[in-house]
Amino acid sequence: MIDNFESTGIVENLQEGIIIVNLGGRIEYVNTMLEEMLSFTKNELCNQPIFDLIIGRDLHEEWSLLVNMVMEKGSYEFPDGKLLRRNGRALPVRMTLYSMRRPADKDSWIVFYVLDTSREISTNNELEKKYEEVKKENTELQRKTDELKHISELKTKFLGIASHELKTPLTSIKGYSEILLESMPDELSPQVKRMVERISSAADKLHNVVNDMLDVSRIEQQRLRLRPTEINLGSIAEDAVDELYHFFSKRNITPVINVENNLPLFFGDKTRIHQIFINLISNAIKYSPDTTKVTISISVGDEDNFHIIVKDQGLGIADREKENIFAAFYEISNTANHSTGGSKFMGGGTGLGLSIVKGLVHNHGGTIWVESEGPDAPLERRGSEFHIYFPVKSRLHWSDEETQVGILPEIMSPLAPVLVENYDDRNPADKKTILIVDEESETMELCEVILGDFYNLLRVENGECAMKLALDHHRRPDLILLNFYMPGLSGPQICRFIKSLPETASIPVAFFSAATQDNEVEHCQKCGGDGFIVKPFKSRDLIEKVDYLIRREVDPSKGSHAETC
């Protein structure tokens, strides 16, 4: 029967080692795989005692017991066995013992089924090595992720600081230029007037760039604030085209607006949707040759979505560019052509427009993509189409904390618009007192120029002096205007202190701030502030805001509700 194993090839072709041992403990057969495992030949192993082949365990004494156990149970496991190799080294194996009988002559054998675990150990070692390598790579990736996160936080912080530092001088530039143009037009020569107008226009342009930087930062942090109302997309598109009419006419580009009849209203932020149209249309103008046309189409593409298309006849966008055009600071055109102007053909820019558009679309629950055959397409098929889908029924929860917290209502003065000339008839003895708390002399001087004719102004540069004046019964102000960021005691700390005392709780408090951080308005509201004046502000807006806050009565028992200007 043993010879039949070799003749049939069944056992010979197994990928595991086979040892057949008689009940006396001598080897009668081994297969080829076992020869390869131990580097012994069959002739060298046959008729040898199995006890000499097994290392680390003396089977002489327990052989009979082992044989009986295998015969009764049918098998026995050696999980951590070792077999002797020709080179004298031990081969780690896992062995399972089976009984084998020949009923005709009642002969029996013990079969050793041998698995080479050295391969498993090697594989395990290799896996362990790979695991350590992957673990090391993950650690490095985590380090780089933390580093990138830190860089992103630094960038966001830098944008906030830079924007704040830019908005502060912009307040003076805009404020004084408006005063010159609106209050002193007869004292300016035509040439000087044009210069002041250029200054005001340049300040507006810089202000827009600063706001774009802030928008990108807010979108990246998922802290964009929205004020949803029911709006007419067609009307907003027309307003955007009217606003850009100068650029259309300068380049002789024709705007075409196609709006589907009976278009339903969309529930979204009017200002932000207008910003989307402005950015897409101005981008189309920039990349369109003269005497072409830009088409804006708005329809209900299906029952669920508004479909907006802004199409130009420009150069088109190559496939390799499509993945990047919505990334912040990415520009298709040569950076040497950098210009923040909206009319220069192929002019550069900050590279923020499309990034902001994508963020605004996504925040409204929409999607945006671009279709273009690229600059290599035939002339009649060149150009780009920017497509936007907005849900007809808003899928967003507008009342959630992310979109609503800190949103303050627009200033709605009962006297708006306030006419400056109405203040000329006031009795000087009846003038109200305003305390201005700001370390920045430019802001205080501008407020003095704008408000000085109508109110008694007190100026201090720190919170300690502000609280002393607020507590002084003879000099107590009717309104406090303070900078959000102050050295020492911050604006919110000063406001919280004033609102906590019964004798000063009724004094209205409004904050000056560049609003570079999203939580500024929220902090203003939480500490009891009554108003929030965003730099740079217009002279008339400041007058209206101050007049409204002084005339309204603040109920100290109910607190206050901050409003923006």
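The coordinates are above.
Just so we're clear, the structure is a prediction, and the values are computed from it rather than from any experiment.

Conventions adopted
The numbers attached to residues start from 1 for each chain and follow its sequence in the written order. Per-residue local features of the predicted model are confined to residues with pLDDT of at least 70, and side-chain atom pairs are confined, for both listing and counting, to 80 or more; whole-chain, interface and lining totals are unaffected and use all residues. Excluding hydrogens and water, the side-chain figures rest on all heavy atoms present in the structure. Here a helix means four or more residues in a row that DSSP labels H or I, a strand means two or more in a row labelled E, and each is numbered from the N terminus. Burial status follows relative accessibility: with a 1.4 Å probe on protein chains alone, a residue under 20% of its type maximum counts as buried, one over 50% as exposed, and anything between as partly exposed. Working rule for contacts: check all heavy atoms of both residues, and any pair within 4.5 Å makes them a contact. Each pair of strands is called paired provided DSSP finds at least two bridges between the two strands. Helix axes are fitted to C-alpha atoms over the stretch in contact, other axes to C-alpha atoms as well, and angles between N-to-C directions run from 0 to 180 degrees. Crossing handedness: left-handed means the near helix sits turned counterclockwise from the far one by under a right angle, and right-handed means the same turn made clockwise. Under the scheme applied here, ten amino acids are nonpolar (Ala, Val, Leu, Ile, Met, Phe, Trp, Tyr, Cys and Pro), four are charged (Asp, Glu, Lys and Arg), and all others, including Gly, are polar. Disulfide assignment relies on a single distance test, namely cysteine sulfur atoms paired within 2.5 Å. Patch membership is restricted to residues that have no salt bridge and whose relative accessible area is over 30%. Joining uses 9 Å for like charges and 5 Å for the nonpolar side chains Val, Leu, Ile, Met, Phe, Trp and Tyr. Per-residue and other accessible areas follow the Shrake-Rupley method at a 1.4 Å probe size, with only the shown protein chains counted as cover for residues. Basic side-chain nitrogens of Lys or Arg form a salt bridge, by our definition, when they fall within 4 Å of a carboxyl oxygen of Asp or Glu. Note on charges: Lys and Arg go in the positive column, Asp and Glu in the negative column, and His and the chain ends are not counted at all. For this purpose, a charge sits on NZ of Lys, CZ of Arg, CG of Asp or CD of Glu. Stacked, tilted and edge-to-face are the three classes assigned to paired rings of Phe, Tyr and Trp, where Trp is represented by its six-membered ring and a pair needs centres within 6.5 Å; plane angles under 30 degrees give stacked, over 60 edge-to-face, the rest tilted. Side-chain atoms within 4.5 Å are what join buried Ala, Val, Leu, Ile, Met, Phe, Trp, Tyr and Cys residues into a set we call a nonpolar core. Regarding the arc, it is the one traced by the directions from the helix axis to the C-beta atoms.

Colleague: Could you give me a rundown of the environment of Ile55, with the residues and numbers involved?
Modeller: Position of Ile55 relative to the elements: it lies in the loop between helix 3 (42-45) and helix 4 (63-73). Note on Ile55: relative accessible area 32%, which makes it partly exposed. The spacing of Ile55 and Arg89 is 34 residues in sequence and 9.7 Å in space, taken between C-alpha atoms. Among all residues touching Ile55, those that are not within four sequence positions of it are Lys82, Leu83, Leu84 and Ala90.

Colleague: Could you give an account of the pairing of strand 10 (residues 305-311), naming the residues involved and the relevant values?
Modeller: Two faces, one strand: in a regular strand the side chains alternate between the faces of the sheet. Most of strand 10 is tucked away, with six of its seven residues classed as buried. In this antiparallel pair of consecutive strands, strand 9 (residues 293-300) and strand 10, the connection spans four residues. Relative to strand 12 (residues 385-391), strand 10 runs antiparallel, the two sharing seven bridges. Across the sheet, residue Phe306 finds its bridge partner in strand 12, namely Phe390.

Colleague: How would you explain the packing of helix 9 (residues 270-286) against helix 11 (residues 353-363) if you had to name every residue and give the values?
Modeller: Each pair of packed helices can be summarised by the angle the axes make with each other and by the distance between the axes. Relative orientation of the contacting elements helix 9 and helix 11 amounts to 145 degrees, with a least axis distance of 9 Å. Our pair here, helix 9 against helix 11, has a crossing hand that is left-handed. Residues Arg272, Gln275, Ile276, Asn279, Leu280 and Asn283 of helix 9 touch helix 11, and the partners they reach there are Gly353, Leu354, Ile356, Val357, Leu360 and Val361. For the contact of helix 9 with helix 11, the per-class residue count stands at seven nonpolar, four polar and one charged.

Colleague: Requested: an account of the state of the cysteines, with residues and values cited.
Modeller: By the definition in use, this model includes zero disulfides. In this model Cys495 remains outside any disulfide bridge; the closest cysteine sulfur is found in Cys527, 3.7 Å from its own. Overall, the relative accessible area of 4% leaves Cys527 in the buried class.

Colleague: Go over a negative patch on the surface with me, naming the residues and quoting the values.
Modeller: On the surface, Glu238, Asp239, Asp242 and Glu243 cluster together to form a negatively charged patch. By the secondary structure assignment, Glu238 is in helix 7 (residues 233-243).

Colleague: So what's going on with the packing of aromatic side chains? Which residues, and what values?
Modeller: For any pair of aromatic rings, geometry is given as the distance between the ring centres together with the angle between the planes. Counted according to the given criterion, the structure contains six aromatic pairs. Measuring from ring centre to ring centre gives 5.7 Å for Phe266 and Phe306, while their planes differ by 75 degrees; the resulting arrangement is edge-to-face. With Phe266 in strand 8 (residues 266-269) and Phe306 in strand 10, the pair connects residues that are 40 residues apart, well separated along the chain. Given a relative accessible area of 0%, Phe306 falls into the buried group. Ring pairing ties together the aromatic residues Phe266, Phe306 and Phe390, which thus form one cluster.

Colleague: Mind laying out the side chain of Asn283, listing which residues take part and the relevant values?
Modeller: One can find Asn283 in helix 9. Not counting the four nearest positions on each side in its chain, Asn283 is found in contact with Leu354 and Phe386.

Colleague: A description of the pattern of salt bridges should follow, citing residues and the corresponding values.
Modeller: As enumerated under the stated definition, the model contains nine salt bridges in all. Residue Arg57 pairs with Glu62 through a salt bridge whose shortest N-O separation is 3.1 Å. Its relative accessible area of 31% is what places Arg57 among the partly exposed residues. Notably, a salt bridge pairs Arg143 with Glu147, separated by 3.1 Å at the nearest N-O pair. Taken together, the positions of Arg143 and Glu147, both in helix 5 (residues 117-183) and four residues apart, correspond to about one turn of that helix. Exposure remark for Arg143: the relative accessible area of 43% places this residue in the partly exposed category. When its relative accessible area of 39% is taken as the criterion, Glu147 is described as partly exposed. A network of salt bridges, in which partner residues are shared, links Glu140, Arg143 and Glu147.

Colleague: Let's hear about the nonpolar core: which residues, and what values?
Modeller: Counting residues in each nonpolar core, the largest one holds 45 residues, and the members touching the most others are Ile273, Ile276, Phe277, Ile281, Ile296 and Phe390. Taken together, the elements giving at least two residues each to this core come down to helix 6 (190-220), helix 7, helix 9, strand 9, strand 10, helix 11, strand 11 (367-371) and strand 12. Among the nonpolar cores identified, the runner-up in size contains 29 residues, and Val30, Phe40, Leu45 and Val67 belong to it.

Colleague: If you had to explain the environment of Leu97 to someone new, which residues and values would you point to?
Modeller: With respect to the helices and strands, the residue Leu97 is situated in strand 4 (residues 90-102). Sequence separation between Leu97 and Met71 is 26 residues, and the spatial gap between their C-alpha atoms is 9.9 Å. Once you skip the residues sitting within four places of it in the chain, Leu97 turns out to touch Leu66, Val70, Gly74, Ser75, Tyr76, Phe78, Ile110, Val111 and Phe112.

Colleague: Can you lay out helix 15 (residues 491-500) for me, pointing to particular residues and giving the numbers?
Modeller: Looking at helix 15, one finds that the buried residues are Gly491, Pro492, Ile494, Cys495, Ile498 and Lys499. When helix 15 is viewed along its axis, its buried side chains cluster within an angular range of 160 degrees and face the same direction. Of the surrounding elements, those touching the buried residues of helix 15 are helix 14 (463-471), strand 15 (479-483) and strand 16 (509-513).

Colleague: Explain the sheet that holds strand 7 (residues 254-259) to me, and be specific about the residues and the numbers.
Modeller: The strand order across the open sheet formed by five strands is 7-9-10-12-11, and the pairing between neighbours is mixed. Looking at the sheet topology across the chains shown, the edges are occupied by strand 7 and strand 11. With direction set aside, neighbouring strand axes in the sheet form an average angle of 15 degrees. Its contacts with the sheet put helix 11 on strand 11 and strand 12, and the angle it makes with strand 11 is roughly 140 degrees.

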